[in-house]
2 protein chains.
Amino acid sequence: MYIVILAGGSGTRFWPLSRTARPKQLISITGDRTMLQRTVERVMPLKPKRILIITNTIQAEETERQVVHYRMIPIDVIAEPLARNTAPAIGLAATIIAAHDPEGVMVVLPADHFIKDEQALQKALFDAAHAARSGYLVTLGILPSRPETGYGYIEADMDLRGSGPFPVRRFVEKPPLDEAVRYLDAGNFFWNSGMFIWRADTVRAEIRTYLPELDEALSRLAFTNDIWELSDLEEQIAAVYASVASVSIDYGVMERSSRVQVVPVEMGWSDVGSWSSLPEVVAADESGTVCVNASGHVSLDSSGCLIYVDNKTVATVGVHDLIVVSTPDALLICDRERAQDVKKVVEELGKRGCDFVL
Amino acid sequence: MYIVILAGGSGTRFWPLSRTARPKQLISITGDRTMLQRTVERVMPLKPKRILIITNTIQAEETERQVVHYRMIPIDVIAEPLARNTAPAIGLAATIIAAHDPEGVMVVLPADHFIKDEQALQKALFDAAHAARSGYLVTLGILPSRPETGYGYIEADMDLRGSGPFPVRRFVEKPPLDEAVRYLDAGNFFWNSGMFIWRADTVRAEIRTYLPELDEALSRLAFTNDIWELSDLEEQIAAVYASVASVSIDYGVMERSSRVQVVPVEMGWSDVGSWSSLPEVVAADESGTVCVNASGHVSLDSSGCLIYVDNKTVATVGVHDLIVVSTPDALLICDRERAQDVKKVVEELGKRGCDFVL
């Protein structure tokens, strides 16, 4: 089994903790290891043959630094010269793996998700790998816990069997609320997790069918000597990226292929989309308050605050439902309902030319 | 004219900016010079012969450090070995001045008040000094701008003359709201500022009359050589303080003496009693927000916040009427109406043994 971690994101919704050169996957929202480190640790029990981390040139150095302690398993950090969405990144990883082990099963994981029940993940990945070995494109579908309108859904055909994997009927874009409620009730709709399991040659074949231009570019990659020595591939990768279009693996392959299956899984998953997700990854106290990295918290008549500080004593007096984030050079105070607007702050700072906070 | 600055306070209401060893007068609430430094600068145009700063042993070193740049006028920093309220401190200063210049006029000023219109203060002090030279105990009375129930009031007899100083009818303790409203309407009630102007020998005589035990202790002070060289007086001062009771000059002398006059003054005065006073000393923007020491402030749909940071970028999103104070080791988030409860935070931290934040 090969693990491919997609770690090229550059979110702004965790400002001021996240910055351009240190996006969500490279920061520690929980106060200890970073999202990327937790992702690597999560797959260690699977004893993968190799881990490929796809990132970008800005983040490559920090990414290397963060995984240096996990080198008991070979880890390659591959820097994309340009952001081209997930299909080229996955295609590149599949091509590298296929050159070495065509029928090798590859597990694609985002670097910036949180998973509470790691054993449930491991079981789902084993189930998925079983189907993948038979030539399916398998994706994990998260059992929905609420009628979320911010995620895409996967509709499964669950008529035939009692347990997964199930054939996928269709992928559904972010639905309106009434649709989302209906999906929740129906029981065969799952959140699209962005986690994929397939053989390297299977996904390459599907890319050949549905994304022929990408296939052609990837086919030009020539592997000489030890194929895992990627440094000599840098220029070749640059050439591939210069010629390929930006497209997601969902849109480019998953929504078109007839070989797609889904493994439903309930594992305390969160995509940690904004500061308002903090209670999904760090336990709140009885007042609904989450306090990360505080060296002490005095709370007087306060509740529902999500607080992230850099080792400070924190006191809250008569305040409710605030997001408070303090870093050495910036401070955010935000209504908990307005977490999505943090990116507007970053935009505004960018307009003002405050590069130092980006 | 001699200036006596009372700088021994140890407030907790400006936590986390203020600490035991760095109370309000030694911090910079406005973001530049400290309250003490502003108090010294304020009296410089009066060309005083000498400035005596009465503080305590914990704060003496920092107090010395803060006034080192104002040594063009002789400044003595006198450390009280014990806190004994204002009468012993003022009595000590009066005794020292009287030993050198019995009829010298001394101006007593708190170190932790804010005054916007410094020319109005200077004019009031000159008017007061005129009356003081005739043997009156003169106090400045602040023209009230609201029916404040948190201050004491001075009722003046304004029947005889059109401009001050006026005889004082009585001192009034903090009144209930209906009384305060009546005082505001009456026009002859003023806020008790704690600022006094009198001859050194006058106040010593009044202390002799109304506080004979304090007088006796002060009378034991022996001045040899240059009386301004106070270091050799340290043990004598300790002996005085060991024997005197804790009493305020208001209660001990002003409320009893028949020689008291008041000079009304309107000078943008604030006693800066808590973080909610911040808009009285730093101009708010059009949203009612005050932001001190921010290296930039992005405000989205926010208003009425009082923010004090240590050179950070600040962003507020959808929040209103909050007090936010960030220091390198602590962070306070407080409803603006709850500023008085900041001292409860300090109490709670004390109970937990968190001395480092006190």
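Only a predicted model underlies this, so the values are computations on that prediction, with no experimental measurement involved.

**Concerning the interface of chain B and chain A**
At step 1: Counting from both sides, the interface comprises 32 residues of chain B and, opposite them, 32 residues of chain A.
At step 2: The set of elements that each furnish at least two residues to the side of chain B that touches chain A consists of β12 (290–300), β13 (306–317), β14 (322–327), β15 (330–335) and α11 (342–351) of chain B.
At step 3: Sort the elements by how many residues they give to the side of chain B that touches chain A and β13(B) lands first, with seven residues.
At step 4: Along the lines of polarity and charge, the residues of the side of chain B that touches chain A split into 19 nonpolar, five polar and eight charged.

**Focus on the pairing of strand β2 (residues 50–56) of chain A**
All names here are of chain A.
At step 1: Among the seven residues that make up β2, five are buried, leaving the element largely enclosed by the rest of the structure.
At step 2: Where strand β1 (residues 2–6) meets β2, five bridges bridge the pair, whose relative direction is parallel. Following the sheet pairing, Tyr-2 is matched in β2 by Arg-50.
At step 3: Pairing of β2 with strand β3 (residues 75–80), which is carried by six bridges, proceeds in the parallel orientation. If you follow Ile-51 over to β3, its bridge partner there is Ile-75.

**A few points about the relation of the copies chain B and chain A**
At step 1: The operation relating chain B to chain A is a screw motion whose rotation component is 179 degrees, with 0.0 Å of axial translation and a residual RMSD of 0.1 Å. Overall, the copies show the geometry of a two-fold rotation axis.
At step 2: Here 100% of the interface residues in chain B have copies in chain A that are interface residues too; the copies meet face to matching face.

**Regarding helix α3 (residues 86–100) of chain A**
At step 1: The end-to-end C-alpha distance of α3(A), which contains 15 residues, comes to 22 Å, matching closely the 21 Å that a straight helix rising 1.5 Å per residue would cover.
At step 2: Of all the 15 residues making up α3(A), 13 are buried; the element is thus mostly covered by neighbouring parts of the structure.

**Focus on the confidence of the model for chain A**
At step 1: Per-chain confidence: chain A averages 93 in pLDDT, with 96% of residues scoring 70 or above.
At step 2: Across the assembled chains, the prediction reports ipTM 0.88 with pTM 0.89.

**Things to note about the domain arrangement of chain A**
Residue and element names in this part refer to chain A.
At step 1: Under the domain assignment used here, chain A contains domain 1 (2–270) and domain 2 (275–357).
At step 2: Computed from C-alpha atoms alone, the centre-to-centre distance between domain 1 and domain 2 is 30 Å.
At step 3: Counting from both sides, the interface comprises eleven residues of domain 1 and, opposite them, 18 residues of domain 2.
At step 4: Residues that form the side of domain 1 that touches domain 2 fall into these classes: six nonpolar, four polar and one charged.

Calculation rules
- Residues numbered from 1 in each chain as written.
- Chains lettered and ligands numbered in written order.
- Predicted model: local features only at pLDDT ≥ 70, side-chain atom pairs only at ≥ 80, totals over all residues.
- Contact = placed C-beta atoms within 7 Å.
- Helix = DSSP H or I, 4+ residues; strand = E, 2+ residues; numbered from the N terminus.
- Nonpolar A, V, L, I, M, F, W, Y, C, P; charged D, E, K, R; others polar.
- Buried ≥ 20, exposed ≤ 12 C-beta atoms within 10 Å, placed from the backbone.
- Pairing = 2+ DSSP bridges.
- Least-squares fit on C-alpha atoms with pLDDT ≥ 70 in both.
- Expected span 1.5 Å × (residues − 1).
- pLDDT = per-residue confidence, 0-100.
- Domains from an automatic or database assignment.

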